[in-house]
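What follows is the residue order along each chain.
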Amino acid sequence: MNRPSRRSFLGGSALTLAALTGTLDPDRHLRPSASAGVADLADEYDLPSALADALEAIPAESAVEMSYRLVVAEDVSAIDEAENLPHQARVAGRELGVEAADLEMVATAIAHDYRRRLTVAVGSMDREADGETIETAEGWRLADDGETTVASVEGRTAFVAGEDAEERHADARAVAGAARGEVDRLVEADDHAGAAFERLVGFSTVLFVPDAADSGFRTPAIGSLEAFAGGFEVHPANLEDRSEAEYVLFTDGSEPDEETVRSLIEEVGAGIVRETAIDRESSDGDLVHVRAVLEAPPEYDREAAPEVRVQSSLDRDEGTLAIEHVGGEAVEGEALSELELWVDGELVDAQPGDRVETFEPGDAMDVAVDPLSRVILRWFDEDGNRQYVYVNEAIDEEAFKFAYDLEEGALEVTYVGERDADPDRVELVHRGSDGVRLPDGFEGSTPITTGETATVEDVAVDDVVTVDIDVPEVPGVSERPLRRFHVTPPRLHLHRREGSVAAVYHDERDRPAAEFRTLVDGEPADVQLEDRTETLSEGDAIDLGEIPIGSTVVVEWLKPEEPVTVDEHHVTPEAFVDVEYDAESGTVRVEHRDGDVMDAENVELRIDEELAETQPSDEHDEFGPGDVVTAEATPFATVEAVWVGEEAERGLGGTTTARNAIEATYDPGTGEMELTYVGEQPADPAGLEVSIDGPSGSRTVVETGTSASGSGGSSGGTESSSGEENGDGGGESGEENGDGGSGGDANESEGDEPAEPPSFAEEYEELTEGDSIVLEAEIGDRVRVSVRHETANTVSVRSIGHFPTRPRHAFTFRRGSEGPIPGVNRSGDGAESSSDPTPDSRNPDELYAVYVGRVDRDASEFRLLVDDEPAEDQPADEHDMLEGGDAIPVGKPEVGTTLRAEWTVPDEPVGVGAETIAPEASFEVERDGDDGGLVVRHAGGHPIDAERLSVHVPGHTEGPIPWNGEGTVREGDSTTIDAEDSPGEVIVLFDEREVLDHATIE
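Residues numbered from 1 in each chain as written. Predicted model: local features only at pLDDT ≥ 70, side-chain atom pairs only at ≥ 80, totals over all residues. Heavy atoms only, no water.

## Some details on the overall build of the chain
1) Next: The number of helices and strands found in the chain is 15 helices and 74 strands.
2) Next: Every one of the 1002 residues in the chain was classed for burial, and the buried ones make up 50%.
3) Next: Pairs at least 24 apart in sequence give 63% of the contacts found in the chain among residues at least 6 apart.
4) Next: Carbon and sulfur atoms make up 40% of the accessible area of the chain, which totals about 45,600 Å². (Helix = DSSP H or I, 4+ residues; strand = E, 2+ residues; numbered from the N terminus. Buried < 20%, exposed > 50% of the residue type's maximum accessible area, 1.4 Å probe, protein only. Contact = heavy atoms within 4.5 Å. Areas by Shrake-Rupley, 256 points an atom, 1.4 Å probe, with all protein chains shown as cover.)

## Quick look at the sheet that holds strand β14 (residues 308-315)
Backbone-to-backbone hydrogen bonds join strands into a sheet, with any given pair of strands oriented parallel or antiparallel.
1) Next: Judged by pairing direction, the sheet is antiparallel, and its 3 strands sit side by side in the order β14-β15-β20 without closing on themselves. Two strands close off the open sheet at either side, each with one partner strand: β14 and β20 (364-368). In this sheet, adjacent strand axes meet at a mean angle of 25 degrees when their direction is disregarded.
2) Next: The pairing of strand β15 (residues 320-328) with β20 spans 5 bridges and is classified as antiparallel. (Pairing = 2+ DSSP bridges. Axes fitted to C-alpha atoms, helices over the stretch in contact; angles between N-to-C directions.)

## With respect to the pattern of salt bridges
1) Next: Applying the stated criterion across every chain yields a total of 31 salt bridges.
2) Next: One salt bridge connects Glu604 with Arg606, and the closest N-O pair in it is separated by 2.9 Å.
3) Next: Within this structure, Asp578, Arg589, Glu591 and Arg593 form a network of salt bridges that share partners. (Salt bridge = Lys/Arg side-chain N within 4 Å of Asp/Glu carboxyl O.)

## Topic: helix α5 (residues 87-96)
1) Next: Within α5, 7 of the 10 residues are buried, leaving the element largely enclosed by the surrounding structure.
2) Next: Regarding α5, the residues found buried are Gln88, Ala89, Arg90, Val91, Ala92, Gly93 and Leu96.
3) Next: Positive backbone phi, at 65 degrees, marks Gly97, one or two positions downstream of α5.

## Let's talk about the pairing of strand β50 (residues 688-694)
1) Next: Most of β50 is tucked away, with 5 of its 7 residues classed as buried.
2) Next: Sheet topology places β50 next to strand β55 (residues 782-790); 6 bridges connect them, and they run antiparallel. The residue bridging Asp693 from the neighbouring strand is Arg782, located in β55.

## Re the sheet that holds strand β38 (residues 564-570)
1) Next: On the basis of which strands lie adjacent, the open sheet formed by 4 strands has the order β34-β33-β37-β38 and antiparallel pairing. Both edges of this open sheet fall to β34 (523-524) and β38, since each of them pairs with a single strand only.
2) Next: Pairing geometry for strand β33 (residues 516-520) and strand β37 (residues 552-557), over 5 bridges, is antiparallel. Within β37, the position partnered with Phe516 by the bridge is Trp557.

## Topic: a negative patch on the surface
1) Next: On the surface, Asp405, Glu407, Glu408, Glu412, Glu457 and Asp458 cluster together into a negatively charged patch.
2) Next: Take Asp458: it is sitting in the loop between β27 (453-456) and β28 (464-469).
3) Next: We classify Asp458 as exposed; its relative accessible area is 62%. (Patch = residues over 30% accessible without salt bridge, like charges linked within 9 Å, V, L, I, M, F, W, Y side chains within 5 Å. Lys, Arg positive; Asp, Glu negative; His and termini not counted. Charge placed at Lys NZ, Arg CZ, Asp CG, Glu CD.)

## Regarding the packing of aromatic side chains
1) Next: Counted under the stated rule, the structure contains 14 aromatic pairs.
2) Next: Consider the rings of Phe402 and Phe485, whose centres lie 5.3 Å apart with planes at 45 degrees: the pair is tilted. Of this pair, Phe402 sits in strand β23 (residues 400-405) while Phe485 sits in strand β29 (residues 483-486); the two residues are 83 residues apart in sequence, bridging distant segments of the chain.
3) Next: Accessibility expressed as a relative area gives 18% for Phe402, which makes it buried.
4) Next: Put simply, the rings of Tyr300, Tyr388 and Tyr390 pair up and form one aromatic cluster.
5) Next: Positioned above the aromatic ring of Phe380, the side-chain terminus of Arg378 is 4.3 Å from the ring centre. (Phe/Tyr/Trp six-rings, centres within 6.5 Å; stacked < 30°, edge-to-face > 60°. Lys NZ or Arg CZ within 6 Å of the ring centre and 35° of its normal.)

## Some points on unusual backbone geometry
1) Next: A cis geometry characterises the amide bond from Ile395 onward to Asp396, with omega recorded as 10 degrees.
2) Next: Residue placement: Asp396 occurs in the loop between β22 (386-395) and β23.
3) Next: If you check the backbone angles, Asp462 has positive phi at about 80 degrees while not being a glycine.
4) Next: By secondary structure assignment, the location of Asp462 is in the loop between β27 and β28.
5) Next: The backbone of Asp868 shows a phi angle near 70 degrees, a positive value even though the residue is not glycine.
6) Next: Positionally, Asp868 belongs in the loop between β60 (862-866) and β61 (869-870).

## Describing the pairing of strand β64 (residues 898-903)
1) Next: One ladder, built from 5 bridges, connects β60 with β64; its direction is antiparallel. Bridge pairing in β64 places Val866 opposite Leu899.
2) Next: With 6 bridges joining them, β64 and strand β65 (residues 910-916) adopt antiparallel strand pairing. Considered in β65, the bridge of Arg900 is made with Ala914.
3) Next: Turn length for the β64-β65 hairpin, with the two strands adjacent in sequence and antiparallel, is 6 residues.

## Points about the side chain of Thr414
1) Next: Among the secondary structure elements, Thr414 is positioned in strand β24 (residues 410-415).
2) Next: For Thr414, a relative accessible area of 12% translates into the label buried.

In C-alpha cells:
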C-alpha cells in the first residue's frame, strides 16, 4: 500500500487541469524575438518593475561570448536581514556593501564552468562601489577592485566575477549596454526566457535554464526539452516543510510522460513531489506547464535512529530476501513501529512491528521478492521528518551481464537470471554527451527468460548505461541502479614520484603500448610507452622520465576513431610545508621542510583566500628546504601555502589560526554550557557560528546573533573541516560524542521552545581572553563552533570545536612513559602544554587514566573502576575540574584486568572509556606442509588463557577464530587455521579486541 499524503495541500479543484486550461496564451512564447531596442520589459512581458530592471541588464549570451548554465532571479523585497537572504542575494549584498533592506531584486547569470557570473541588483543603493574607476558613460560607472568589476547607476548595480580582468571589463560594459538597450538582452534574444519569467511572476525565486541538454541535470526528461524554468515559493536550498512550485517546460515537440516530468521537477526542486497538475498548453504541444507541491525530504539522522546492524541475503531458489539483525540494540515499542519495510515502492502488509514484538540480535525477517525487486528497510520519524536506511537492496544484481563492442558502439545487455522476469520492471537508461535517452530494452519480451539480450546502440566512450528497476520510488530514499556499465578507456594513471612521472597501467586486459600516445604540453613526449615496453599488462609501471614542474602530461588512447584522453596530469611540486600559528605574536610561520625547490614567484601565502601582505617571493628567489616566511594573521583565519601554476594549483600546507581558542565548560545540573575565548590575540567575532543540535532541537546563530531554527541542522554553507570525534576538526585526538537517551536531564521542559544560542558578535565587538557566552543545552545536545567565510563563489564553514554535552569517549589509558597526548593538553591557541601539572614526572611503568574531552567538567561526575570495583584513586581525588590532558594514576594492573571510566550523571552510569590490560607476547606463523593450513605458534612472552586468544585472517575468516585448545597457552603452543590460498596477513587477538601480534605471509 502506498503511504498517503500527510495532509492535503492542493485540495479540491484549485489546481485541476480544467482550472489551468486557458490561463496562458498558448502561442505567446512562440512570438518572434524583439530587436535590442529600448523596449520596456515590464510592459512587453508584464513583469514587475524590479524584475524587469534586473533582467534588462542581463546581456544575451552572444553579447558576452558566454553560455549560461543557469539564470536565477530572487525577489528579496520582503527580507530585511542579511542572514535570511538566499545565497546569490547574500553574496551580492556583501560584495556591493548593501544592506538587505535596500535590495529588491537580484538576478544572476552563471556560466557553464562556474568561473564567470553576472549579478544585477536592483534597489535603493546610493553607495559608490569600491575599486578603481575604469570609465563612466551615460550615468553608469564601471569600477574594478582586482577581483570583481562593478557597473552601477542609480537604483541598479551589477558585479561581474571572473579570473580575467579584460573579460570582466567587457562583460560589465555589456551589462550597462543591455540596460541602456544598446546590446542584445537575454530575455529578448532567447526564444523562451521572456515566456518563462512572465509565467512565473509572483514566485520569490525563479530559475531559468536556457539549454536543457547542457544544464547538468541528468534525468530522462532532459532529452526531450529545449529549455525549462521553475518558480519557487521557498528557495530549493531552504525547503524545510511544504511549498508550492511551478515549472514551464519547453519541449522539442515530444510529450514527456508524467513520471518523466516528475523526475525532473523533483531533481530541480530538491524535494519530494507530493502533488502535481500537468497541462500541455501550446498549439504544437511543445509547452508543458506544471504546478507541484514539494515537501522537504526526510533528514538523514543516524544518531536518532535505533543503533542496529542489519545484513541481508538473497535466496534465489525460494525467492526471498532474509533481513537479519546482527548486532546493536533491541528495537521495541515506538521505535519498532517506526521501522518501515518497503517492497517495490509499497509498504508491505506485514511490517516489522507485525512480525515481532522485539527486533533483537539473531532475529530475521524473510521477505518475498520477485526476480527483479527493490527492498528498503528504514527507520522513519514522521513527526520529525527524519530517517535512516538500513537496507536498500536492488535485486538481483547478478541477473544481467554486459558485452561491449567498441568498434560497433553497441552494448549487449543479457538477462542471466534463473527465474522469468517481468519486462515492465526493467528500464535501460543511456546517459551520453548528448543527454539521456531510454532505449527500447526488453519491452518485446513476455516474460524475460534466461539468455535474452537487448542491444543499446550508439554507445560511445564515457557513456553510461544502467539497468534500473522500474518500480515506484520510496519518498526521500535515493535508489541506485541494479547494474551500471561505464564505457571507459583503458585504466592508466599518471603520477609523479621521486622527480619522475610514471604511467601505471591498471586495466585487466593486455594492450599493445603502441595504442597509446604521450603528450607534454600538447607535443609528443620524448619518451613514449612503446619505447619502454611492447605490451601493457595490469600493474605495469612505465617511467616517463623527469618532466618539468608546471608541465601538463596527457596519455591518449588511439584505438577509437577520435583519440580519447586516458589520463591527464599536471606536474606539481612535491613538498612538505609546515604552517604554524604563534598566538603570542599573532603571526604564522611558514617553513619548507622537505621536497622540491620551487620558484618563489609560484608560491602564494593566502589568508582567508586573500594574498598575505608578506609573500615568499618578498624574501626568497627560490623556496626550498629550510626557507621560512612569517606573516601576520588574525585569530580564526584560514592560512594556506599554495603552489600556483598556469594550469593547476597544489596546496602545500595550511592551518586555521587559534583553532583551539574556544574552550567549553558544561554543568549538567543547570543545563548550561559556557564557551570561553582563551586566545592571546584580540579576535573579530564576526563569522563565528554557534550551533546546537540534539534533543532540544536544532538552531544556529551566525555573525549578528540572529538564528535559524529547525530540524534540518545548521543553516547554509558546507562544512569543509569537521569531525564528531575530533574536538578541533584537525583529527589529533579522540573526542566525546553525545548520543543516546537523556537520563539525568535537568532542564527539560516539555512544550517549551528551545532558547536560541547567544552570539559572540552580539555580546562583543572584539574578543579578548576570558570573554564568554553561556547557552542552554540539554544532555544529548551537541554544540559546535565554526568559522563561516563567504566569497562571491563559495561559502565555507570550518569547525573549530565540537562540544557534546554527553561524553562518550572521555578517557583513554596510557602508561606514564608515553607522555602527554598531542592536541589534548591545551593552552588556548592549540600550542602544547598540560593541565596535568607534572606530565614529565609520571612514573613510566604506571598506567594513567587521561581525560581527553574538549569540554571541561566537574571531576566528581566521573568514577574509575578496576574489574568493576571502585579504583583507589578517583578523578575527584586529583582534580576539581577535568580539562583535556588531566591524568589519574591507576597503578600497575595485572594482565587481564579491565579498567573502566563511567559518567555518573545519568541514572544509569554511561561508560566513557575502557581498556583490558593485554599480555605481551609474540607469535610465529608458518605453513603446515601436510594439509596446507596455517600454524600459529606462541613464540615468547606472557602465558595467556586460551579462551581469551583468537586468530583473524583477513579475507579468509569471518571474524576472529578461537584458539584451538584449553587451559593456558605458553611458548611453543600452537593452533592451526584452515586457509586454502595464501593470505597476506595473520592477526592474533586478545579478547577479540587487542592486537597482540600480526605477521605477513609471503
